[in-house]
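Spelled out from the first residue to the last, the chains are:
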Amino acid sequence: MPNPHLIEPSPDGLHWYALKVFYNRVVYLKSLLPAGMESYVPVHTVETHKQGRLAYEEAPLIPSLLFVRCTSAWLVKFKHEYGGDFMYYTVKDPAGNNIPGPIRDEEMRSFILVTSADAGRGVKYFGADAPEYHTGDRVRVTDGIYKGAEGYIKRIKKDRKLIVAVTGVAVVAVSYIHPDFLEKI
């Protein structure tokens, strides 16, 4: 049976990959990437109190997660150079070997859209992809700040949320979206 996580190669050979970064070194690891390489760190706005004043700062939504868009071969080479700082999420190839697990562009596009809108305000991180969050109808947001995002509707703590997942890596939920702005896929 073919692995459902293996996706067709893109024409340019580039895919998104998720890196689990150790020791809070996301900024350091990101600085090691070649200039112009596409990467993404999900952030959100948090309230802090500094010297008796309220301040707003961006902080990582998922502190140890960095996404990069590159070729599988480049990622394996990068891992050999900086292997102590991170690991990449893997899938099994047809021969049973662990290889970097590519993320579908559509999945990543929705994840970036949801986690970057208004610096992730109102977004809740639920950890690694969990099946209990995959119940309900698959929907697409047709208007508003999340327009174009695709996910599932799920009731969590008496409130309906849009659940967006990067399979095997992360699940986030955003606040209620009016039904007029949803279409069933």
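Everything here concerns the structure above.
Residues numbered from 1 in each chain as written. Predicted model: local features only at pLDDT ≥ 70, side-chain atom pairs only at ≥ 80, totals over all residues. Heavy atoms only, no water.

Some words on the overall build of the chain
Point 1. The number of helices and strands found in the chain is 3 helices and 14 strands.
Point 2. Partitioning the contacts of the chain with sequence separation of at least 6, the portion at a separation of at least 24 is 64%.
Point 3. When the accessible surface of the chain is split by element, carbon and sulfur atoms take 53% of a total near 10,700 Å². (Helix = DSSP H or I, 4+ residues; strand = E, 2+ residues; numbered from the N terminus. Contact = heavy atoms within 4.5 Å. Areas by Shrake-Rupley, 256 points an atom, 1.4 Å probe, with all protein chains shown as cover.)

Here we look at the sheet that holds strand E6 (residues 86-88)
Strands belonging to one sheet form pairs held by backbone hydrogen bonds; the direction of such a pair is parallel or antiparallel.
Point 1. Taken together, 4 strands build an open sheet; the order of strands is E2-E5-E1-E6 and the sheet is antiparallel. Sheet topology places strand E2 (39-40) and E6 at the edges, where each strand pairs with a single neighbour.
Point 2. With 6 bridges joining them, strand E1 (residues 15-21) and strand E5 (residues 65-70) adopt antiparallel strand pairing. Within E5, the position partnered with Tyr 17 by the bridge is Val 68.
Point 3. On top of the sheet, helix H2 (residues 72-82) reaches E1, E5 and E6; it is set at about 155° to E6, its chief contact. (Pairing = 2+ DSSP bridges. Axes fitted to C-alpha atoms, helices over the stretch in contact; angles between N-to-C directions.)

Examining the pattern of salt bridges
Note on pairing: side chains with opposite charge can pair once their charged atoms come close.
Point 1. Overall, the coordinates contain 7 salt bridges when judged by the stated rule.
Point 2. The partner of Glu 38 in a salt bridge is Arg 69, and the shortest N-O contact between them spans 3.8 Å. Of the two residues, Glu 38 sits in the loop between helix H1 (26-31) and E2 while Arg 69 sits in strand E5, which places them 31 residues apart along the sequence.
Point 3. Given a relative accessible area of 43%, Glu 38 falls into the partly exposed group.
Point 4. The partner of Arg 69 in a salt bridge is Asp 105, and the shortest N-O contact between them spans 2.9 Å. Taken together, the residues Arg 69 in strand E5 and Asp 105 in helix H3 (residues 105-116) connect sequence positions 36 residues apart. (Salt bridge = Lys/Arg side-chain N within 4 Å of Asp/Glu carboxyl O. Buried < 20%, exposed > 50% of the residue type's maximum accessible area, 1.4 Å probe, protein only.)

Description of the packing of aromatic side chains
Point 1. Within the structure shown, the criterion is met by 6 aromatic pairs.
Point 2. Ring centres of Phe 22 and Tyr 23 lie 6.2 Å apart, and the angle between their planes is 65°; this geometry places the pair in the edge-to-face category.
Point 3. By relative accessible area, which is 26% here, Phe 22 ends up partly exposed.
Point 4. Both rings, one in Phe 78 and one in Tyr 82, keep their centres 5.0 Å apart while their planes meet at 50°; by these two values the pair is tilted. Taken as a pair, Phe 78 and Tyr 82 lie in helix H2 at a separation of 4 residues, close to a single helical turn.
Point 5. One aromatic cluster in this structure is built from Trp 74, Phe 78, Tyr 82 and Phe 86.
Point 6. Just above the ring of Phe 86 sits the side chain of Lys 79; from NZ or CZ to the centre is 5.2 Å.
Point 7. Sitting over the ring of Tyr 152, Arg 138 keeps its end group 5.4 Å from the ring centre. (Phe/Tyr/Trp six-rings, centres within 6.5 Å; stacked < 30°, edge-to-face > 60°. Lys NZ or Arg CZ within 6 Å of the ring centre and 35° of its normal.)

Some remarks on the side chain of Arg 69
Point 1. The exposure class of Arg 69 is buried, given its relative accessible area of 14%.
Point 2. A polar side-chain atom of Arg 69 sits 2.9 Å from a polar atom in the side chain of Asp 105.
Point 3. Discounting residues that sit within four places of it in the chain, Arg 69 has contacts with Asp 12, Leu 14, His 15, Trp 16, Met 37, Glu 38 and Asp 105. (Polar contact = N/O pair within 3.5 Å; in protein donor to acceptor, adjacent residues only side chain to side chain.)

Thoughts on the sheet that holds strand E9 (residues 123-125)
Point 1. Spatial strand order, E9-E13-E12-E11-E10-E14: 6 strands in an open sheet with antiparallel pairing. Either end of the sheet is taken by a strand with one partner, and the two such strands are E9 and strand E14 (182-184). With direction set aside, neighbouring strand axes in the sheet form an average angle of 40°.
Point 2. Alignment of strand E11 (residues 150-156) against strand E12 (residues 159-166), held across 5 bridges, turns out to be antiparallel. Considered in E12, the bridge of Ile 156 is made with Asp 159.
Point 3. Seen against the sheet, H3 touches E9, E11, E12 and strand E13 (170-174) and runs at an angle of roughly 130° to E12.

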